[in-house]
Amino acid sequence: MNGVDGLEMPSRLNHIKNGICTAQLPNPHIADMEEDVLYHFGLGTKTHNLPIMFADVKFVCIGGSPMRMEKFAHFMLEELGHVLPAGQSLVNISAVTDRYAMYKVGPVLSVSHGIGMPSASVMLHELIKLLNHAGCTDVTFFRIGTCGGLGLEPGTVVVSESTVDGLLRPFLDTAVLGKRVSHPAVLDINLARELLTCTDPQDNFAVVLGKTMCTDDFYEGQARLDGAFCDYSKDEKLQFLRDLHQQGIRNIEMESLCFAAMCNRAGIKGAVVCVTLLDRLEGDQVFAARDTLKLWEMRPQKVVARYIQQKLGIRGQQENLVNGEK
């Protein structure tokens, strides 16, 4: 069981047997519905044959930007050696809406979640329901994205071992029926450790394990000095960030807490893999060139792609081909 500062975290992951991780719906009302409209995806149980479309999904990769997730889908086409039928191309399954983008490459689903936990929460609700309606089993979720690092070289990939909110608590608070409800935000530590092994000797970047702070805001919530408002000093900011670093926090972003809590509630194995765009101990703004940022954004994708290749038995085959072996 994964904990933060000695706190024991209850986890549905402990109830998964034989490595089977099914998208579960702890909502009794869904079964009574004649139709479930997944509004923000432009899909539904009556308008689409979800089992035919999605039953073979085993890996779900989510990220903020629709364009980034489209590029990731094309990247996975190459990495999996997946060949589309003649005359066909990758399409945005959710193109009828302008909220999220969704692409499918064999057993891999690539979905955008927007920025921040409210947007990610809406997407995850409908995504988990979609997988349940499709009858998916043994599904693993990944959030791949960008973040601010703490004491790390920009371009470093951080695999989250745990996640906390802006008050350093490992819980997602939600207002339900006028009351605060807290859900444990738990990531699969074994999955995180497996991802640490998905490196290559030719990589020119480090992959590290660390705690992640997830905030509700990009500016004040992350102790930046460059927002429209700021009521603290530079010294106070630096002291706060140094305190975070002392507690093992290695990066800051805006979705991991929601991702961890919702995966945990559904009994789905989940991992967060993000690349640092700057060291927050050195500044607040991202000054790296656009071409450099694009290269850095590929790094979490490479790590996750290698994991998927390993699970599908593809990575070893490709390495043998590179080495001239049959």
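Structure's up top.
A few points on the structure. (Residues numbered from 1 in each chain as written. Predicted model: local features only at pLDDT ≥ 70, side-chain atom pairs only at ≥ 80, totals over all residues. Heavy atoms only, no water.)

Some remarks on the overall build of the chain
Across its full length, the chain holds eight helices and 12 strands. Per-residue burial for the chain yields a buried fraction of 48% across its 326 residues. Counted over contacts in the chain with a minimum sequence separation of 6, partners at least 24 positions apart contribute 77%. As presented, the chain carries roughly 15900 Å² of accessible surface, and 52% of it is formed by carbon and sulfur atoms. (Helix = DSSP H or I, 4+ residues; strand = E, 2+ residues; numbered from the N terminus. Buried < 20%, exposed > 50% of the residue type's maximum accessible area, 1.4 Å probe, protein only. Contact = heavy atoms within 4.5 Å. Areas by Shrake-Rupley, 256 points an atom, 1.4 Å probe, with all protein chains shown as cover.)

Side note on the packing of aromatic side chains
Summed over the entire model, instances satisfying the criterion amount to four aromatic pairs. Considering the side-chain rings of Phe41 and Tyr100, the 5.9 Å spacing of their centres and the 65° angle between planes classify their relative orientation as edge-to-face. Of this pair, Phe41 sits in the loop between β1 (37-38) and β2 (43-44) while Tyr100 is found in the loop between α2 (66-80) and β4 (102-105), placing the two residues 59 residues apart along the sequence. Across the pair, exposure class does not vary: Phe41 and Tyr100 are buried alike. (Phe/Tyr/Trp six-rings, centres within 6.5 Å; stacked < 30°, edge-to-face > 60°.)

Things to note about the nonpolar core
Ranked by internal contacts, the top residues of the largest apolar core, which has 40 residues, are Phe41, Phe54, Val60, Leu127 and Phe141. Elements that contribute at least two residues to this core include exactly α1 (50-54), β3 (59-63), β5 (108-112), α3 (117-134), β6 (140-149), α6 (256-266) and β12 (269-279). Ranked by residue count, the leading element in this core is α3, at nine residues. If sequence neighbours within four positions are ignored, Leu127 has contacts with Phe41, Val60, Ile62, Leu109, Val111 and Phe141. If you look at the next biggest cluster of nonpolar residues, it comprises 38 residues, including Phe75, Leu191, Leu293 and Val303. (Core = buried A, V, L, I, M, F, W, Y, C linked by side-chain atoms within 4.5 Å.)

Points about the side chain of Thr212
In this structure, Thr212 sits in strand β10 (residues 207-214). Excluding its chain neighbours within four sequence positions, the residues that come into contact with Thr212 are Ser160, Ser162, Thr163, Val164, Ile249, Asn251, Glu253 and Ser256.

Re α2
With 15 residues, α2 extends 21 Å from end C-alpha to end C-alpha; this agrees with the ideal 21 Å at 1.5 Å per step. For α2, the full list of buried residues reads Arg68, Met69, Phe72, Ala73, Phe75, Met76, Leu77 and Leu80. Considering only its buried residues, α2 is in contact with β3, β4, β5, β6 and α7 (290-312). A positive backbone phi angle near 65° is found at Gly81, which sits one or two residues after α2. (Expected span 1.5 Å × (residues − 1).)

A word on the pairing of β12
Where burial is concerned, most of β12 is hidden: 10 out of the 11 residues are buried. With nine bridges joining them, β6 and β12 adopt parallel strand pairing. Within the sheet, the bridge partner assigned to Gly149 lies in β12 and is Asp279. Bridge count for strand β7 (residues 157-164) against β12 is three bridges, and the pairing is antiparallel. Residue pairing for β12: Val157 is matched across the bridge by Val275. (Pairing = 2+ DSSP bridges.)

Points about the packing of helix α4 (residues 189-196) against α7
Packing of α4 against α7 leaves a shortest axis separation of 9 Å and a crossing angle of 100°. Put simply, α4 runs roughly perpendicular to α7. Of the residues in α7, those in contact with Leu191, Glu194 and Leu195 of α4 are Val303, Val304, Tyr307 and Lys311. Its residues placed into classes, the contact of α4 with α7 shows five nonpolar, no polar and two charged. (Axes fitted to C-alpha atoms, helices over the stretch in contact; angles between N-to-C directions. Parallel < 35°, antiparallel > 145°, perpendicular 65-115°, else oblique. Nonpolar A, V, L, I, M, F, W, Y, C, P; charged D, E, K, R; others polar.)

Digging into the pattern of salt bridges
Within the structure shown, the criterion is met by 12 salt bridges. Note that Glu194 is salt-bridged to Lys311, the shortest N-O span being 3.0 Å. Of this pair, Glu194 sits in helix α4 while Lys311 sits in helix α7, and the two are 117 residues apart along the sequence. On the accessibility criterion, Glu194 (32% relative accessible area) is partly exposed. Given the relative accessible area of 45%, Lys311 is considered partly exposed. Sharing partners across several salt bridges, the network here consists of Asp165, Arg169, Asp173 and Arg180. (Salt bridge = Lys/Arg side-chain N within 4 Å of Asp/Glu carboxyl O.)

Focus: the packing of α2 against α7
Interhelical geometry of α2 versus α7 gives an angle of 40° and a closest axis separation of 10 Å. Viewed along their axes, α2 and α7 adopt a mutual orientation that is oblique. As for how α2 packs across α7, the hand of that crossing is right-handed. Between α2 and α7, the contacting residues are Arg68, Phe72, Phe75, Met76, Glu79 and Leu80 on the first element and Glu297, Met298, Gln301, Lys302, Ala305, Ile308, Gln309 and Leu312 on the second. Of the residues in the contact of α2 with α7, the class split is eight nonpolar, two polar and four charged. (Left-handed = near helix turned anticlockwise from the far one by under 90°.)

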